[in-house]
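Summary of structural features
Letter by letter, the chains look like this.
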There are 2 protein chains.
Amino acid sequence: MKLLEEKIRRDGKVFEGNILKVDSFVNHQIDVKFMNEIGKEFKRLFADKEITKILTIEASGIGIACIVAQYFDVPVVFAKKTKSVNIAGDVYTSKVESFTHKRVYDIIVSKEFLHKDDKVLIIDDFLAKGSALCGLIKLITDAQAEVVGAGIVIEKAYQEGGALVRNMGVRVESLAQIKSMSKDGSIEFVD
Amino acid sequence: MKLLEEKIRRDGKVFEGNILKVDSFVNHQIDVKFMNEIGKEFKRLFADKEITKILTIEASGIGIACIVAQYFDVPVVFAKKTKSVNIAGDVYTSKVESFTHKRVYDIIVSKEFLHKDDKVLIIDDFLAKGSALCGLIKLITDAQAEVVGAGIVIEKAYQEGGALVRNMGVRVESLAQIKSMSKDGSIEFVD
């Protein structure tokens with residue numbers, strides 16, 4: 001998605017330690033108008049698929065998922081990162097490693113909100129090592145629901161997550177695939 | 001908002017300890033189509049106001065805020081609950097007490113995303129004791145920006161938060177105001 005690549009080049013910031021900050025439009029401030037363009041693009045890519053639910057993970061996936069969901073006319077379910085006292089009853093769980101926050105946490109989805117007849121599209125902001133995406137896929141398969149695919153805004157294509165998940169047979173559509181980036185701020189995308 | 005009151009009565013669940021669970025359409029699964037009705041209502045209520053930004057707090061505020069923001073054509077900024085290694089530079093901070101999670105945490109907003117010429121509408125799912133809302137108001141006033149008001153989906157009107165914030169001179173619009181609720185599941189709204 002050319003528009004996204006241009007926006008990442010213009011507004012993204014590359015930091016030491018393989019960090020790409022897109023806080024000005026994705027992760028802290030959300031450019032809602034731009035997210036609608038992203039929603040249209042995911043709809044175009046998955047137009048041939050029946051989808052009953054969008055699954056994402058808190059926190060930064062939620063805003064994107066809600067805007068995208070409007071184009072599929074389905075509800076969003078977001079996996080929660082810790083067991084809240086507000087969640088009673090049975091949940092599906094898996095473990096996710098955060099390289100940004102340098103820790104492993106549990107994610108949960110209430111069994112009420114994932115059923116075996118659901119056809120689920122996963123939406124998330126980043127794909128790097130694939131830990132969050134694998135965790136979300138496990139929640140869906142534990143519910144015996146169908147993983148229709150994953151729509152990712154930015155994939156760090158030089159990391160292993162994309163290949164890992166595609167090799168599991170899951171369709172992954174990333175709107176921008178970063179081939180390399182360097183501290184001087186230059187970002188190269190996969191053609 | 002009658003539609004919301006009906007939905008809370010139908011889909012909300014009252015639990016021991018003053019807990020109202022609206023996980024099926026607000027806090028875990030998000031009914032995006034319904035959130036659009038909420039967006040229209042906030043736009044109607046704040047139609048006379050100039051707004052440049054919507055501020056909310058992660059995680060459950062984000063989805064609502066993004067849908068609402070479409071009616072105001074402004075970006076969303078969400079306050080983060082812990083200092084992430086992804087956030088460099090200066091931030092505004094305040095403290096928020098969570099009664100659900102029984103702890104106090106710091107919330108932050110990068111100074112990049114709140115400026116003194118901003119006119120900010122706060123959007124959040126719940127107002128009870130007012131701790132999150134006061135924390136968000138502090139972030140805005142620390143930035144010398146203007147607090148236009150707060151749009152709350154559900155206010156527990158029998159708790160002190162609403163009066164506390166309105167007494168500060170902040171306009172608070174709550175779409176459903178709960179007068180009382182009891183363990184048998186009955187919910188009474190303020191007229």
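Description of the structure in this document.

Rules behind the numbers
Residues numbered from 1 in each chain as written. Chains lettered and ligands numbered in written order. Predicted model: local features only at pLDDT ≥ 70, side-chain atom pairs only at ≥ 80, totals over all residues. Heavy atoms only, no water. Phe/Tyr/Trp six-rings, centres within 6.5 Å; stacked < 30°, edge-to-face > 60°. Buried < 20%, exposed > 50% of the residue type's maximum accessible area, 1.4 Å probe, protein only. Lys NZ or Arg CZ within 6 Å of the ring centre and 35° of its normal. Helix = DSSP H or I, 4+ residues; strand = E, 2+ residues; numbered from the N terminus. Pairing = 2+ DSSP bridges. Right-handed = clockwise from strand over helix to strand, strands pointing away. Contact = heavy atoms within 4.5 Å. Axes fitted to C-alpha atoms, helices over the stretch in contact; angles between N-to-C directions. Buried area = accessible area lost by both parts, 1.4 Å probe. Salt bridge = Lys/Arg side-chain N within 4 Å of Asp/Glu carboxyl O. Arc of directions from axis to C-beta.

This brings us to the packing of aromatic side chains. Within this structure, the stated rule accounts for two aromatic pairs over all chains. When the ring of A:Phe25 is compared with that of A:Phe34, the centres are 5.9 Å apart and the planes differ by 90 degrees; the resulting orientation is edge-to-face. Each of the two residues, A:Phe25 as well as A:Phe34, counts as buried. The ring of B:Phe25 is capped by B:Lys7, whose NZ or CZ atom sits 5.1 Å from the centre of that ring. Between B:Lys7 and the ring centre of B:Phe34, over which it is positioned, the NZ or CZ distance is 5.1 Å.

Residue and element names in this part refer to chain A. Burial analysis of strand β9 (residues 146-156) places nine of its 11 residues in the buried class, which makes it a mostly covered element. Examined bridge by bridge, strand β8 (residues 119-127) and β9 share eight bridges and lie parallel to one another. Directly across from isoleucine 123, in β9, lies its bridge partner glycine 151. The parallel pair β8 and β9 is bridged by helix α5 (residues 131-142), and the resulting crossover is right-handed.

Before going further, it helps to spend a moment on the environment of B:Arg10. Along the chain, B:Arg10 falls in helix α1 (residues 2-11). In this structure, the C-alpha to C-alpha distance between B:Arg10 and B:Ser180, residues 170 residues apart in sequence, is 16 Å.

Before going further, it helps to spend a moment on unusual backbone geometry. Put simply, A:Glu58 and A:Ala59 share a cis peptide bond, and its omega is 0 degrees. Looking at the element boundaries, A:Ala59 is found in the loop between β4 (53-57) and α4 (60-72). Look at B:Asn18: it is not a glycine, yet its phi comes out positive at around 65 degrees. B:Asn18 sits in the partly exposed class, given a relative accessible area of 31%.

With mixed pairing, seven strands are arranged side by side in an open sheet as β3(A)-β5(B)-β4(B)-β8(B)-β9(B)-β10(B)-β11(B). A strand with exactly one partner marks an edge of an open sheet, and here the two such strands are β3 (29-30) of chain A together with β11 (187-189) of chain B. For strand β4 (residues 53-57) of chain B and strand β8 (residues 119-127) of chain B, the ladder comprises three bridges, and the chain directions are parallel. By the bridge assignment for β8(B), B:Lys53 is matched with B:Val120. On the sheet, helix α3 (residues 32-45) of chain B packs against β8, β9 (146-156) and β10 (172-181) of chain B and is oriented at approximately 115 degrees with respect to β10(B). Strand contacts of helix α5 (residues 131-142) of chain B: β4, β5 (76-79), β8 and β9 of chain B, with the helix running at about 165 degrees to β8(B), the strand carrying the most contacts.

We now examine the interface of chain A and chain B. Counting from both sides, the interface comprises 42 residues of chain A and, opposite them, 42 residues of chain B. Each partner contributes to the roughly 3,600 Å² buried at the junction of chain A and chain B, and carbon and sulfur atoms together form 58% of this total. Notably, a salt bridge pairs B:Glu112 with A:Lys13, separated by 3.3 Å at the nearest N-O pair. Secondary structure elements with two or more residues in the side of chain A that touches chain B: β1 (13-15), β2 (19-21), α2 (23-27), β3, α3 (32-45), α4, β5 (76-79) and β7 (103-110) of chain A. The dominant element in the side of chain A that touches chain B, judged by the number of residues it contributes, is α4(A), at seven residues.

What sets the pattern is the α-helix's 3.6 residues per turn: residues three or four places apart point alike. Residue and element names in this part refer to chain B. Residues of α1 that are buried: Leu4, Glu5, Lys7 and Ile8. For α1, the angular spread of the buried residues around the axis is 165 degrees, confining them to a single face. Every exposed residue of α1 that faces more than 90 degrees away from the buried side is listed here: Lys2 and Arg10. Buried residues along α1 sit in contact with β2 (19-21), α2 (23-27), α3, β9, β10 and β11.

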